[in-house]
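# Structure at a glance
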Amino acid sequence: MTVMGLIQADDLGATLPHEHIFLDFIGAAEVSKDRYDPDEIFEATLPYLEQVKDLGCDTLAECTPAYIGRDAALLKRLAKESGLNLLTNTGYYGAGKNKFLPRHAMTENADELATRWLTEWRDGIEGTGVQPGFIKIGVDAGKLSDVHRKLVRAAARTHLVSGLTIAAHTGDGQAALEELQTLKEEGVAAGAFIWVHAQNERDPDVHARAAAKGAWVEFDHISPKDLGRHVMMVQEMKERALLHRVLVSHDAGWYEIGKPKGGQFRAYDTLFKEFLPALKEAGFSQDEIQQLLVENPREAFTIQARPLQGK
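My aim in this report is to walk through the structure given alongside it, one point at a time. (Residues numbered from 1 in each chain as written. Predicted model: local features only at pLDDT ≥ 70, side-chain atom pairs only at ≥ 80, totals over all residues. Heavy atoms only, no water.)

Right, let's talk about the overall build of the chain for a bit. Each helix and strand counted, the chain has 10 helices and 11 strands in total. Taking 2.2 N^0.38 as the reference for a compact globule, 311 residues should give roughly 19 Å; the C-alpha atoms of the chain span a radius of gyration of 18 Å, in line with that estimate. Expressed as lengths along the three principal axes of its C-alpha atoms, the size of the chain is roughly 50 × 50 × 35 Å. Expressed as a percentage of the 311 residues in the chain, the buried residues total 59%. (Helix = DSSP H or I, 4+ residues; strand = E, 2+ residues; numbered from the N terminus. Rg over C-alpha atoms; globule rule 2.2 N^0.38 Å. Buried < 20%, exposed > 50% of the residue type's maximum accessible area, 1.4 Å probe, protein only.)

This is how it looks when you write it as structure tokens:
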């Protein structure tokens, strides 16, 4: 599901599974569409989308959640003009010590939150008619708090009805494994879960444990500064025969609402200009690169219910 509507899975093409175009870090209590000019953001960000399209990207998952600046109508304008498939999301982001959670998220139960997210899935986001293409949540590092575990359960229940994949900003490996256990308790298979920011966990054994369960392990934040480490992490997964569970992206952008002219924008170009050539130099075949760039994201984002076998 893209912001322009449903497309066939095979039409996703080369996909960046975790990027941002614009966002607002002011917090859920103050975030508002009155804080920015959508035309200014459109003009500032369109060239970066056109650039990555020219580099060979077909699809970009825009991972900015509700209450951090998500604007489905503006994303639809950008998709139409750039020619990129753009995906947006439903769900809530609890990481950052709950700064970005609306007040009702602290008191409502998992079923009530899931009902809100399923309403966006059925009816569209904020009257735009744009439907979410995945579920985005966020949890801090370490043992899941009660609120963050509730977000995971709400995401699980949303998935079981909608088939939408769950992409979870996750502080570390302990949190990721607890998320997977919670999803299992809810009857959701690990293949419905993307461990976002897996590179923040330094132990490759934890990456392997999550992938062996069937989860998607996403090494995002690819940049010139840490190119070598990202190549090593993907190489490690390849050597463990787990390349089929890996996603790669930049976690780049973005026009930051509240900063003059949106602040410093980081383009979505390093993966195409530097990372893929570095993988080739490290011995990756074209088929393996195709798997990372096309096949794995296609499987990860295709809408389908994934009930746990035997549940």
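Still more ground to cover, so stick around.
A separate point is unusual backbone geometry. Look at the link from Gly 253 to Trp 254: it is a cis peptide, with omega at 5°. Examined against the element boundaries, Trp 254 turns out to sit in the loop between strand E10 (246–248) and strand E11 (255–256). In this structure, Tyr 67 is a non-glycine residue whose phi angle is positive, near 75°.

Before going further, it helps to examine helix H4 (residues 110–123). Here H4 is 14 residues long and its end C-alpha atoms lie 20 Å apart, about the 20 Å a rise of 1.5 Å per residue gives. All of the buried residues in H4 are Ala 110, Leu 113, Ala 114, Trp 117, Leu 118 and Glu 120. For H4, the angular spread of buried residues about the axis comes to 150°, placing them on one side. Set apart from the buried face of H4 by more than 90 degrees, the exposed residues are Arg 122 and Asp 123. Contacts made by the buried residues of H4 are with strand E5 (89–90), helix H3 (103–107), strand E6 (134–139) and helix H5 (146–162). With a side-chain oxygen positioned 3.1 Å from the backbone nitrogen of Asp 111, the residue opening H4 is Asn 109. Note on H4: the residue one or two positions beyond its end, Gly 124, has a positive phi of about 95°. (Expected span 1.5 Å × (residues − 1). Arc of directions from axis to C-beta. Contact = heavy atoms within 4.5 Å. Polar contact = N/O pair within 3.5 Å; in protein donor to acceptor, adjacent residues only side chain to side chain.)

Here the focus is the state of the cysteines. Under the definition given, this model contains 0 disulfides. Free cysteine: Cys 57, not disulfide-bonded; nearest cysteine sulfur from Cys 63 at 12 Å. Judged by relative accessible area, which is 1%, Cys 57 ranks as buried. (Disulfide = S-S within 2.5 Å.)

So, on to the side chain of Ser 82. Residue position: Ser 82 is located in helix H2 (residues 72–82). Look at Ser 82 and you get buried, because its relative accessible area is 9%. A polar contact of 2.8 Å, which involves the side chain of Ser 82, links it to the backbone oxygen of Leu 78. Polar contacts involving the side chain of Ser 82 include one to the main-chain amide nitrogen of Leu 84, which spans 3.1 Å. Filtering out sequence-adjacent residues up to four positions away, Ser 82 remains in contact with Leu 46, Leu 49 and Lys 53.

Before going further, it helps to spend a moment on the environment of Cys 57. Residue placement: Cys 57 occurs in the loop between helix H1 (38–54) and strand E3 (59–62). Separated by 147 residues in sequence, Cys 57 and Pro 204 have C-alpha atoms that sit 28 Å apart. Excluding anything up to four places from it in sequence, Cys 57 contacts Ala 14, Leu 16, Val 52, Leu 84 and Phe 272.

Once that is clear, we can look at the nonpolar core. With 86 residues, the main nonpolar core has Val 234 and Phe 275 as its most contacted residues. Counting 12 residues, the second largest nonpolar core, distinct from the first, contains Ala 167, Leu 247, Ala 300 and Phe 301. (Core = buried A, V, L, I, M, F, W, Y, C linked by side-chain atoms within 4.5 Å.)

Summed over the entire model, instances satisfying the criterion amount to 8 aromatic pairs. Judged by centre distance (5.6 Å) and plane angle (75°), the ring pair of Phe 134 and Phe 301 falls under edge-to-face. Linking Phe 134 in strand E6 with Phe 301 in helix H10 (residues 286–301), this pair joins segments that are 167 residues apart in sequence. Given a relative accessible area of 5%, Phe 301 falls into the buried group. Through pairs of rings, three or more aromatic residues link up here, namely Phe 25, Tyr 93, Phe 100 and Trp 254. When the ring centre of Phe 284 is taken as reference, the NZ or CZ atom of Lys 238 above it lies at 4.4 Å. Note that Arg 245 overlies the ring of Trp 216, its terminal NZ or CZ placed 3.8 Å from the centroid. (Phe/Tyr/Trp six-rings, centres within 6.5 Å; stacked < 30°, edge-to-face > 60°. Lys NZ or Arg CZ within 6 Å of the ring centre and 35° of its normal.)

Looking now at the sheet that holds strand E4 (residues 85–87). An order of E1-E3-E4 is seen for the 3 strands of this open sheet, with the pairing classed as parallel. Edge positions in the sheet fall to strand E1 (15–19) and E4, since each of these pairs with one other strand and no more. Each adjacent strand pair in this sheet contributes to an overall mean axis angle of 20°, direction not counted. With 3 bridges joining them, E1 and E3 adopt parallel strand pairing. (Pairing = 2+ DSSP bridges. Axes fitted to C-alpha atoms, helices over the stretch in contact; angles between N-to-C directions.)

What follows is about the packing of helix H8 (residues 227–239) against helix H9 (residues 270–281). When two helices pack together, their arrangement is given by the angle between the helix axes and the distance between those axes. In contact at an axis separation of 10 Å, H8 and H9 are set at 55° when each is read in the N-to-C sense. As far as their axial angle goes, H9 and H8 are oblique. Crossing angle aside, the handedness with which H8 passes H9 is right-handed. From H8, Leu 227, His 230, Val 231 and Val 234 reach across to H9, where they touch Thr 270, Glu 274, Phe 275, Ala 278 and Leu 279. Here the residues of the contact of H8 with H9 sort into 6 nonpolar, 2 polar and 1 charged. (Parallel < 35°, antiparallel > 145°, perpendicular 65-115°, else oblique. Left-handed = near helix turned anticlockwise from the far one by under 90°. Nonpolar A, V, L, I, M, F, W, Y, C, P; charged D, E, K, R; others polar.)

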